[in-house]
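Each chain, written out:
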Amino acid sequence: MSAAAFRILGLSAATTLVLPETGRAAGGDAGFYQSYPGVTWILATVTGLLICVLVVLVFCTRRRLRVEAKLRSSEARFRELFENIHDGVWMVELPTGKALYASPAQARLFGENTTDPDAVFAARQARVHPQDQARIAALLEPDPAQDQREETYRIVLPSGEERWLVDRAHVIRDADGSPRRVAGTTEDITERRITEAALEESRRAMSTLLSNLPGIAYRCRNDREWTMAFVSEGCFDLTGYAAADLENNRKLAYAELIHPDDRAGVWRDVQHAVDRRRPFVVTYRIITAAGAIKWVWEMGRGVFSDDGELLALEGFIADDDDRQKALRALRESEERYRTLVEKSPIPIVIHVEEKLVFANAAAPSAPAAAALAKTRFSPTWMTIGMGDFST
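Residues numbered from 1 in each chain as written. Predicted model: local features only at pLDDT ≥ 70, side-chain atom pairs only at ≥ 80, totals over all residues. Heavy atoms only, no water.

(A) Here's a closer look at the overall build of the chain. Each helix and strand counted, the chain has 12 helices and 15 strands in total. Expressed as a percentage of its 391 residues, the buried residues of the chain come to 31%. A separation of at least 24 residues holds for 39% of the contacts in the chain among residues at least 6 apart in sequence. Here the chain displays about 24,500 Å² of accessible surface, and carbon together with sulfur accounts for 57% of that area. (Helix = DSSP H or I, 4+ residues; strand = E, 2+ residues; numbered from the N terminus. Buried < 20%, exposed > 50% of the residue type's maximum accessible area, 1.4 Å probe, protein only. Contact = heavy atoms within 4.5 Å. Areas by Shrake-Rupley, 256 points an atom, 1.4 Å probe, with all protein chains shown as cover.)

(B) Layout of a nonpolar patch on the surface. Taken together, the side chains of I42, V46 and L50 make up a nonpolar region of the molecular surface, amounting to roughly 210 Å² of accessible area. Residue placement: V46 occurs in helix α3 (residues 37-84). The partly exposed category is assigned to V46, whose relative accessible area is 32%. (Patch = residues over 30% accessible without salt bridge, like charges linked within 9 Å, V, L, I, M, F, W, Y side chains within 5 Å. Salt bridge = Lys/Arg side-chain N within 4 Å of Asp/Glu carboxyl O.)

(C) The arrangement of the sheet that holds strand β5 (residues 148-156) in detail. With respect to topology, five strands assemble into an open sheet ordered β4-β3-β7-β6-β5, the strand pairing being antiparallel. Here the strands that pair on one side only, and so sit at the sheet edges, are β4 (99-102) and β5. Strand-to-strand twist of the sheet, defined as the mean angle between neighbouring strand axes without regard to direction, takes the value 20 degrees. Here strand β3 (residues 88-93) runs beside β4; their pairing, made up of three bridges, is antiparallel. (Pairing = 2+ DSSP bridges. Axes fitted to C-alpha atoms, helices over the stretch in contact; angles between N-to-C directions.)

(D) Inspection of the environment of A253 at higher detail. By secondary structure assignment, the location of A253 is in the loop between α9 (243-246) and α10 (263-275). The spatial distance from the C-alpha of A253 to the C-alpha of T227 is 6.2 Å, given a sequence separation of 26 residues. Every residue in contact with A253, bar those within four places of it in the chain, is listed here: E225 and L246.

(E) Region of interest: the pairing of β3. By the bridge criterion, six bridges tie β3 to strand β7 (residues 179-188) in an arrangement that is antiparallel. The residue bridging V92 from the neighbouring strand is V182, located in β7.

(F) Structural detail: the nonpolar core. One finds W226, Y254, Y284 and I317 to be the most contacted residues of the largest nonpolar core, which totals 27 residues. For this core, the secondary-structure elements that each account for two or more residues are β8 (215-220), β9 (228-231), α8 (235-239), α9, α10, β10 (280-287) and β12 (310-319). Examining the composition of this core, we find that five residues originate from one element, α10, more than from any other. (Core = buried A, V, L, I, M, F, W, Y, C linked by side-chain atoms within 4.5 Å.)

(G) A look at helix α5 (residues 117-127). Regarding α5, the residues found buried are P117, V120, F121, A123, R124 and R127. Down the axis of α5, the smallest arc covering the buried residues is 155 degrees, so these residues share one side. Along its buried surface, α5 packs onto β3, β4, α4 (104-109), α6 (133-139), β5 and β6 (162-173). (Arc of directions from axis to C-beta.)

(H) Here's a closer look at unusual backbone geometry. Residues L94 and P95 are joined by a peptide bond in cis, for which omega reads 0 degrees. With respect to the element layout, P95 can be found in the loop between β3 and β4. Unlike most non-glycine residues, N248 shows phi in positive territory, near 55 degrees. Residue placement: N248 occurs in the loop between α9 and α10. For N249, which is not a glycine, the phi torsion comes out positive at approximately 55 degrees.

(I) Just a positive patch on the surface, in detail. A contiguous patch of positive charge on the surface is contributed by R62, R63, R66 and K70. For R63, a relative accessible area of 51% puts it in the exposed group. (Lys, Arg positive; Asp, Glu negative; His and termini not counted. Charge placed at Lys NZ, Arg CZ, Asp CG, Glu CD.)

(J) Fine view of the packing of aromatic side chains. Enumeration according to the criterion identifies two aromatic pairs in this entry. Measuring from centroid to centroid gives 5.2 Å for W226 and W267, while their planes differ by 50 degrees, and the two rings are tilted. In this pair, W226 is assigned in the loop between β8 and β9 and W267 in helix α10, connecting sequence segments 41 residues apart. Pair check on accessibility: W226 and W267 agree, each one buried. Over the ring of W90 we find R124, and its NZ or CZ is 5.9 Å from the ring centre. (Phe/Tyr/Trp six-rings, centres within 6.5 Å; stacked < 30°, edge-to-face > 60°. Lys NZ or Arg CZ within 6 Å of the ring centre and 35° of its normal.)

(K) Expanded view of the pattern of salt bridges. Evaluated as defined, the whole model comprises 21 salt bridges. Between D118 and K98 there is a salt bridge, and its shortest N-O distance comes to 3.9 Å. You can see D118 sitting in helix α5 and its partner K98 sitting in the loop between β3 and β4, a full 20 residues away along the chain. Residue D118 is classed as partly exposed on the basis of its relative accessible area, which comes to 40%. One salt bridge in this structure joins R173 and D147, with 2.9 Å as the shortest N-O distance. In this pair, R173 is assigned in strand β6 and D147 in the loop between α6 and β5, connecting sequence segments 26 residues apart. The exposure class assigned to R173 is partly exposed, which follows from its relative accessible area of 30%.

(L) Focus on the side chain of H259. Within the secondary structure, H259 sits in the loop between α9 and α10. The contact partners of H259, leaving out residues within four places of it in the chain, are R285, I286, I287 and I293.

(M) Summary view of α10. With 13 residues, α10 extends 18 Å between its outermost C-alpha atoms, agreeing within 8% with the 18 Å of an ideal straight helix rising 1.5 Å per residue. Taken as a whole, α10 has its buried residues at G265, V266, W267, V270, Q271, A273 and V274. Residues of α10 that are buried sit in contact with β10, β11 (293-304) and β12. Of the residues trailing α10, R277 is marked for its positive phi of about 55 degrees. (Expected span 1.5 Å × (residues − 1).)

Here is the structure:
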């Protein structure tokens, strides 16, 4: 037998084999192999098989070691990720509820310095606000209808500070569908809640202010329909339509409210101001929901992006009907008095600082009227003047 075969079988080259059928001792000599060729074949075959098994074992061992190294590397990367992200990461076993993992961020969120999962989850349970504990406990109970769940809740830290957190959990199931673990993240949303509350309060205050304005505050597109993105509640008192009726042209466009004879002028005046990036002021008529014609006064301007793109128009529309009626009444009154003065048989001269500004048909010629304007009073002529007549 060859030395290599003996080594594989765990024998030394000097080992003597005794064959039971002959009682002869077999060593490593060639005569033995020649005398027993069948044994030689068996030994060679066993040697080959052992070598093959050894090669397979070495290959499998090296492959297992590479896989284990990759797994350790992957685990290290994920652990490094979990331990350095801002949000907490955790995992719980089902159905026992045993804490399997809690990241350092998870511990910090609950005011703990340890990364022991049991200690972190004990602190979590103790610091959840009493009014939120039932909902958070249910988060770790599998729900057959959904594997992903989210809960927002409050905690009270040992310092007495109240923080808002949100847990996002995912149920991990076995191949047969049985829930095995719950993995999730915890995010501190306190600053967001404060910002949202401040924004909501600002919106409420703005809504209250706008609802008390006697008119419409608006934001609209610069299109022919004047498509409204926002309309304040004063819309109803002014037009008879609810604000929601005009927003995004839900029931009608604002352009439909403008009197047909005024639409072209309004569009022209607004575009002229927008092109020059100036505020615009327009007065026009609208037709209310009741069919009445009402005058309105509008002031607004274009809103532009940093690169000069026109984003929208913003402005305010007020009821101008009373002022327009007063102006119309004043013009009519002035016209009546002008007619009376012009047709009066009494000569009437109006002068300012001895300068003739008006003389009716009964007044003398312009030179005479001008001379008359220099007098303080005439028994024959009615003079109306403005100036200093003390001298």
